[in-house]
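Take a look at the letters that make up each chain.
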Amino acid sequence: EDRMLKAFARAIKSPSTVRAWRRISAAMVIVSLVIAGAAATYGASRPELSGSAAFGLFSGSLLLGILIAQAFFDLEGWLEQHGRDLIADRIWDQLQAGATPEDRFILYLRPFASTDQIAQQEETLVAMRAQAGAPTFFAPASERLEFEGEIERALRPLGPLIALGKPLEHMGAGRILVPDADWRNAVLRLVKAARLIVLLPSSRAGTIWEVEQILSSGALEKTIIVDPPNRAGAPNSEYDSAAEWDAVRATFQAYRYDLPDDDPKGLMLHFGDGFAPERTSRIAFNGVGSVRKFATKVLDDIAASPPAQTASD
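Residues numbered from 1 in each chain as written. Predicted model: local features only at pLDDT ≥ 70, side-chain atom pairs only at ≥ 80, totals over all residues. Heavy atoms only, no water.

Remarks on the sheet that holds strand β6 (residues 196–199)
In a beta sheet, neighbouring strands pair by backbone hydrogen bonds and run either parallel or antiparallel.
Here's step 1: Taken in spatial order, the 7 strands line up as β5-β4-β1-β6-β7-β8-β9 in an open sheet, and their pairing is mixed. Looking along the sheet, the strands with just one partner apiece sit at the ends: β5 (174–176) and β9 (277–282). The average undirected angle you get between the axes of adjacent strands in this sheet is 25°.
Here's step 2: Across the face of the sheet, helix α3 (residues 51–96) comes into contact with β4 (161–164) and β5 while running at roughly 45° to β5. (Pairing = 2+ DSSP bridges. Helix = DSSP H or I, 4+ residues; strand = E, 2+ residues; numbered from the N terminus. Axes fitted to C-alpha atoms, helices over the stretch in contact; angles between N-to-C directions. Contact = heavy atoms within 4.5 Å.)

Below you can see the structure in the form of structure tokens.
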């Protein structure tokens, strides 16, 4: 199903058309649930139907409506992501042309292995009513809070979050696709132009190289380092955030920066012009407000401070 929804979203090239289809999809979620509720109520109220037939019509209508609504809900999500990918692509085109991007973007640097590996499941109930005065039905719904998606939602008011990767591979940062041979040059250009950097450290060679560029270039001043919660559930065990954090501390120490021990509950760090974190805060999956507040304070720190010296100065 996702493959079909992604193909539909990918076929739309205009941001305005993306926005229009998002509105249609959001409306269809509500329409599907209302129709399902009305059909279920109608079926349950027919005296000519036997009890089992009425129950079958009632439950079948609800189930079908929920499935259709979920499909439109997922489509709206992929359309939203496609819109972010289009913004990221526009930013990259402007940088390649030597122009200053229209959007003051935030760069998300992370190991590819972390994608979709840091998440938390939340169970909720969705209320459905066919019409005013009709009985209200509650359907169980499961929402998966994924770390990158929550980071993107938190930082959205401060600027588009962009990252290297394949468009529509994941919901979160807008993706920029570059050839494998060019990714280092792309990172350097993005690091220099970014308003803010969010770094998810890793022991992977590629991420270590990115960390070294940040530590040696002075870009650490505009970097938020994220130690994700360790208790997060993941589809598999390929990404161990605690082990990744411990392994990358040596790179920071090589540049004389003091990265603290892994915090199982999750942490955000910001180095000012010193070699120890000047600002720290907890991070959580439902802590969108705290992430945005932390990032805003970092931006205020950047605006108020003179250019920082690098570790090699």
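Considering a nonpolar patch on the surface
Here's step 1: On the surface, Phe8, Trp21 and Ile24 cluster together to form a nonpolar patch covering roughly 250 Å² of accessible area.
Here's step 2: Under the relative-accessibility criterion, isoleucine 24 is labelled partly exposed at 40%. (Patch = residues over 30% accessible without salt bridge, like charges linked within 9 Å, V, L, I, M, F, W, Y side chains within 5 Å. Areas by Shrake-Rupley, 256 points an atom, 1.4 Å probe, with all protein chains shown as cover. Salt bridge = Lys/Arg side-chain N within 4 Å of Asp/Glu carboxyl O. Buried < 20%, exposed > 50% of the residue type's maximum accessible area, 1.4 Å probe, protein only.)

Comments concerning the packing of aromatic side chains
Here's step 1: Counting across every chain of the model gives 5 aromatic pairs.
Here's step 2: Centre to centre, the rings of tryptophan 183 and tryptophan 209 are 5.3 Å apart; their planes meet at 75°, and the pair counts as edge-to-face. Of the two residues, tryptophan 183 is situated in helix α5 (residues 183–193) and tryptophan 209 in helix α6 (residues 205–217); the sequence distance between them amounts to 26 residues. This pair shows no difference in class: tryptophan 183 is buried, exactly as tryptophan 209 is. (Phe/Tyr/Trp six-rings, centres within 6.5 Å; stacked < 30°, edge-to-face > 60°.)

A short note on the nonpolar core
Here's step 1: Membership of the largest hydrophobic core comes to 35 residues, with the highest contact counts inside it found for Leu107, Leu190, Ile225 and Phe252.
Here's step 2: Counting only elements with at least two residues in this core, the list comes to α3, β1 (106–109), β4, α5, β6, α6, α7 (241–254) and β8 (267–271).
Here's step 3: Every residue in contact with isoleucine 225, bar those within four places of it in the chain, is listed here: Leu199, Pro201, Leu220, Trp245, Phe252, Leu259, Leu267, Met268, Leu269 and Phe271.
Here's step 4: Among the nonpolar cores identified, the runner-up in size contains 22 residues, and Ile151, Leu196, Ile283 and Phe294 belong to it. (Core = buried A, V, L, I, M, F, W, Y, C linked by side-chain atoms within 4.5 Å.)

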